[in-house]
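These are the residues of each chain, in order.
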Amino acid sequence: MSLATEQRIESPQALRRLADSLKAGAGRQAIVSVCLGTGCAAHGAGELYAAFQEAVRELGVQESVQVKRTGCHGFCELGPVVVVRPRGVFYKGVAPEDAADVIRSAMDPDAAPVERLLYEADGQRVVLEDEVPFYKRQQRIALRLNGVIDPLNIEDYIREGGYGALAEALTQQTPESIIEQISASGLRGRGGGGYPTGRKWASCRKAHGDVKYVICNGDEGDPGAFMDRSIMEANPHAVLEGMTIGSYAIGAHQGFIYVRQEYPLAVSTLRTALKQSRERGLLGRDILGTGWSFDIEIVRGGGAFVCGESTALMASLEGRVGEPRAKHIHTVESGLWEKPTTLNNVETWANVPVIIARGAEWFASIGSE
């Protein structure tokens, strides 16, 4: 049964039961994951997705093969990209006329892949996604579910453990312990500034005032920088979950995602995620029956590069001209509407649920000293 017909998730226990049931139902079908991120969409992935759906109907394999839309896989130059799971067969440059052949191969786990669509490295064809050199050298954290989940289907995110970290944070931890974990993890601002996230959260929590805000900076104005866009398009719930955990940690009940005007697909995906999260009781009033309330609003920027700067962004949110202000006024004490405000960028927020779920020590162990 689709979550669209389910009731609110009223408790962390109900969330776990739902995740378990979704996992139990997975693996019965071959899943043809079609990248519909902006890069692949520009290569005609929309027509390809429709061709796969038609091929499934014509071959009569609806029960054994599922066609799934996903966000950006990362290897945009090879688009449209398709991955057949659970085998993990990686196909590049797939065209609508290839759909039936891919479906026939996906139906049988022992069938040979469609050789003409495989990636080549050093003169050898590479079958599996994990063996493609571009992916093999990566350890994905913020991008961990890109290409795996349907960003328009909250069930996919929950099946992969989504909102489990939020449930733990709201029921098993205090705001102070969450901030300690974020500090110990070494997470820094991923928008370029590199300021320690835990220190920022701690300062905002200690700031005087009953009204506080959290903001996600999705303005991403640097030319050619599409990391934030790829997360918002492919895994919006990670951002929402991270922001909600942050809201509990600092004591805020309202959040904003500021997205540049040039990202219509990201905005559309985020709006769907917000609607689904509210319907399921994972956002809004009395989240998961814990008594904590928090909601998020999307605000679209007008394309001004300067609004990627935190104080200019806040001025824009307030309806004023987006101009930076003096740095001696700390936004964690006097930010949006002169209230204590925590602002982090998209990737920073997307890392938060993984740190809560897997631990600060695990995250801190990654990379060089």
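Thresholds, definitions, all that
- Residues numbered from 1 in each chain as written.
- Predicted model: local features only at pLDDT ≥ 70, side-chain atom pairs only at ≥ 80, totals over all residues.
- Heavy atoms only, no water.
- Buried < 20%, exposed > 50% of the residue type's maximum accessible area, 1.4 Å probe, protein only.
- Helix = DSSP H or I, 4+ residues; strand = E, 2+ residues; numbered from the N terminus.
- Contact = heavy atoms within 4.5 Å.
- Axes fitted to C-alpha atoms, helices over the stretch in contact; angles between N-to-C directions.
- Parallel < 35°, antiparallel > 145°, perpendicular 65-115°, else oblique.
- Nonpolar A, V, L, I, M, F, W, Y, C, P; charged D, E, K, R; others polar.
- Pairing = 2+ DSSP bridges.
- Right-handed = clockwise from strand over helix to strand, strands pointing away.
- Core = buried A, V, L, I, M, F, W, Y, C linked by side-chain atoms within 4.5 Å.
- Salt bridge = Lys/Arg side-chain N within 4 Å of Asp/Glu carboxyl O.
- Phe/Tyr/Trp six-rings, centres within 6.5 Å; stacked < 30°, edge-to-face > 60°.

Draft legend 1. A look at helix 14 (residues 346-358). The element helix 14 is extensively covered by neighbouring structure, given that eleven of its 13 residues are classed as buried. For helix 14, every residue scored as buried is listed here: Val346, Glu347, Thr348, Trp349, Ala350, Asn351, Val352, Pro353, Val354, Ile355 and Ile356. Looking at the residues trailing helix 14, positive phi occurs at Gly359, about 105°.

Draft legend 2. Broad picture of the environment of Gly164. On the secondary structure map, Gly164 appears in helix 7 (residues 164-172). Separated by 77 residues in sequence, Gly164 and Glu241 place their C-alpha atoms 9.2 Å apart. Setting aside chain neighbours within four positions, we find Gly164 in contact with Leu15 and Glu241.

Draft legend 3. Geometry of helix 7. Looking at helix 7, one finds that the buried residues are Ala165, Leu166, Ala167, Ala169 and Leu170. Contact partners of the buried residues in helix 7: helix 1 (12-25), helix 8 (175-185), helix 11 (236-250) and helix 14.

Draft legend 4. Representation of the packing of helix 9 (residues 197-206) against helix 11 within the structure. Between helix 9 and helix 11, the shortest axis-to-axis distance is 8 Å and the interhelical angle comes to 45°. One finds that helix 9 runs oblique with respect to helix 11. Across the interface between the two elements, Trp201, Cys204 and Arg205 of helix 9 pack against Gly246, Tyr248, Ala249 and Ile250 of helix 11. Residues of the contact of helix 9 with helix 11, tallied by class, amount to five nonpolar, one polar and one charged.

Draft legend 5. Quick peek at the pairing of strand 9 (residues 295-301). With seven bridges connecting them, strand 8 (residues 254-260) and strand 9 associate as parallel partners. Bridge pairing in strand 9 links Ile257 to Ile298. Each parallel crossover has a hand, and for strand 8 linked through helix 12 (residues 264-279) to strand 9 it is right-handed.

Draft legend 6. The nonpolar core, seen in detail. With 65 residues, the main nonpolar core has Ile158, Tyr163, Ile178, Trp201 and Met243 as its most contacted residues. In contact with Trp201, other than residues within four places in its own chain, are Ile178, Ile179, Ile182, Gly246, Ala249, Ile250, Thr342, Asn344, Trp349 and Val352.

Draft legend 7. Representation of the sheet that holds strand 7 (residues 213-218). If you trace the four strands from one edge of the open sheet to the other, you get 9-8-7-10, paired in parallel fashion. Where the open sheet ends on each side, the last strands, each with one partner, are strand 9 and strand 10 (341-345). Each neighbouring strand pair of the sheet contributes to a mean axis angle of 20°, computed without reference to strand direction. Sheet strands touched by helix 14: strand 7 and strand 10. Its angle to strand 10, the strand with the most contacts, is close to 95°.

Draft legend 8. Structural view of unusual backbone geometry. Across the junction of Gly79 and Pro80, the peptide omega takes the value -5°, indicating a cis bond. You can see Pro80 is positioned in the loop between strand 2 (65-70) and strand 3 (82-85). A cis amide bond links Arg85 with the next residue in sequence, Pro86, at an omega value of 10°. The residue Pro86 is located in the loop between strand 3 and strand 4 (89-91) in this model. Of note in the backbone geometry, Asp286 takes a positive phi value of approximately 55° without being a glycine. Within the secondary structure, Asp286 sits in the loop between helix 12 and strand 9. Of note in the backbone geometry, Trp337 takes a positive phi value of approximately 50° without being a glycine. Along the polypeptide, Trp337 turns up in the loop between helix 13 (310-317) and strand 10.

Draft legend 9. The arrangement of the pattern of salt bridges in detail. Taken as a whole, this structure holds 20 salt bridges when the rule is applied. Between Asp101 and Arg116 there is a salt bridge whose closest N-O contact spans 2.8 Å. Here Asp101, found in helix 4 (residues 99-107), pairs with Arg116, found in the loop between helix 4 and strand 5 (119-121); they are 15 residues apart in sequence, far enough to count as distant. For Asp101, a relative accessible area of 28% gives the class partly exposed. Between Glu262 and Arg260 there is a salt bridge whose closest N-O contact spans 3.1 Å. When its relative accessible area of 42% is taken as the criterion, Glu262 is described as partly exposed. Through salt bridges with shared partners, one network takes in Lys68, Asp156, Arg159 and Glu160.

Draft legend 10. Representation of the sheet that holds strand 2 within the structure. With mixed pairing, four strands are arranged side by side in an open sheet as 2-1-3-4. The two strands at the open ends of the sheet, each matched to only one other strand, are strand 2 and strand 4. Across the sheet, the mean angle separating the axes of adjacent strands is 20° when strand polarity is ignored. Against the sheet, helix 3 (residues 45-59) touches strand 1 (30-35), strand 2 and strand 3, its axis set at about 165° to strand 2. Sheet contacts for helix 4: strand 1, strand 2, strand 3 and strand 4; angle to strand 1, the most-contacted strand, approximately 145°.

Draft legend 11. The arrangement of the packing of aromatic side chains in detail. In the structure shown here, the tally under the stated rule is twelve aromatic pairs. A centroid spacing of 6.0 Å and a plane angle of 50° characterise the contact between Tyr213 and Phe256, whose relative ring orientation is tilted. Of this pair, Tyr213 sits in strand 7 while Phe256 sits in strand 8, and the two are 43 residues apart along the sequence. In this structure, Tyr213 and Phe256 share a single accessibility class: buried.

None of the figures reported here should be taken as evidence of function without further support.
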